[in-house]
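Overview (structure and organization)
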Amino acid sequence: MPAQQGPSNPAVKAMGDNNSSTPVAGANSFTMSEAKARIEAKGYTHVTRLKKDENGVWRGMATKDGTSGPISVDYQGNVN
């Protein structure tokens, strides 16, 4: 039986790079601290209420440029 095809997007190589403009579902191995660090590396502050959803996406709230709103980190490290 052939192996199942993986996602078409490769893993993110650098903290500042996204390869998707929306969160990609998949098994997420980031800890809450690692997800928060990725969000903060993108210039967000006041990261709160991080919780991993049923699709493996870390979701919470954060502030950037004085505006607070939803934030996410998927298994590839995309911050949206």
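Report on the accompanying structure. (Residues numbered from 1 in each chain as written. Predicted model: local features only at pLDDT ≥ 70, side-chain atom pairs only at ≥ 80, totals over all residues. Heavy atoms only, no water.)

**A few points about the pairing of strand E1 (residues 45–52)**
In this structure, E1 lies alongside strand E2 (residues 58–64), joined through 4 bridges in antiparallel fashion. By the bridge assignment for E2, Lys-52 is matched with Trp-58. The loop that links E1 with its antiparallel partner E2 comprises 5 residues; one of these, Gly-56, has a positive phi angle of about 80°. (Pairing = 2+ DSSP bridges. Helix = DSSP H or I, 4+ residues; strand = E, 2+ residues; numbered from the N terminus.)

**Some thoughts on unusual backbone geometry**
Positioned with a positive phi, Arg-49 is a non-glycine residue whose angle comes to about 55°. One can find Arg-49 in strand E1. Its identity as a non-glycine residue notwithstanding, Asp-65 has a phi of 55°, on the positive side. Mapped onto the fold, Asp-65 is located in the loop between E2 and strand E3 (67–73). Since its relative accessible area comes to 74%, Asp-65 is described here as exposed. (Buried < 20%, exposed > 50% of the residue type's maximum accessible area, 1.4 Å probe, protein only.)

**A short note on the nonpolar core**
Counting 10 residues, the largest nonpolar core is built from Phe-30, Ala-35, Ile-39, Val-47, Leu-50, Trp-58, Ala-62, Ile-71, Val-73 and Val-79. Mapped by element, the contributors of at least two residues to this core are helix H1 (32–41), E1, E2 and E3. Apart from the residues within four sequence positions on either side, Ala-35 is in contact with Phe-30, Leu-50, Trp-58 and Val-73. (Core = buried A, V, L, I, M, F, W, Y, C linked by side-chain atoms within 4.5 Å. Contact = heavy atoms within 4.5 Å.)

**Brief notes about the side chain of Thr-63**
Within the secondary structure layout, Thr-63 lies in strand E2. Judged by its relative accessible area of 17%, Thr-63 is buried. Each residue touching Thr-63, except ones within four places of it in the same chain, is listed here: Gly-43, Tyr-44, Thr-45, His-46 and Ser-68.

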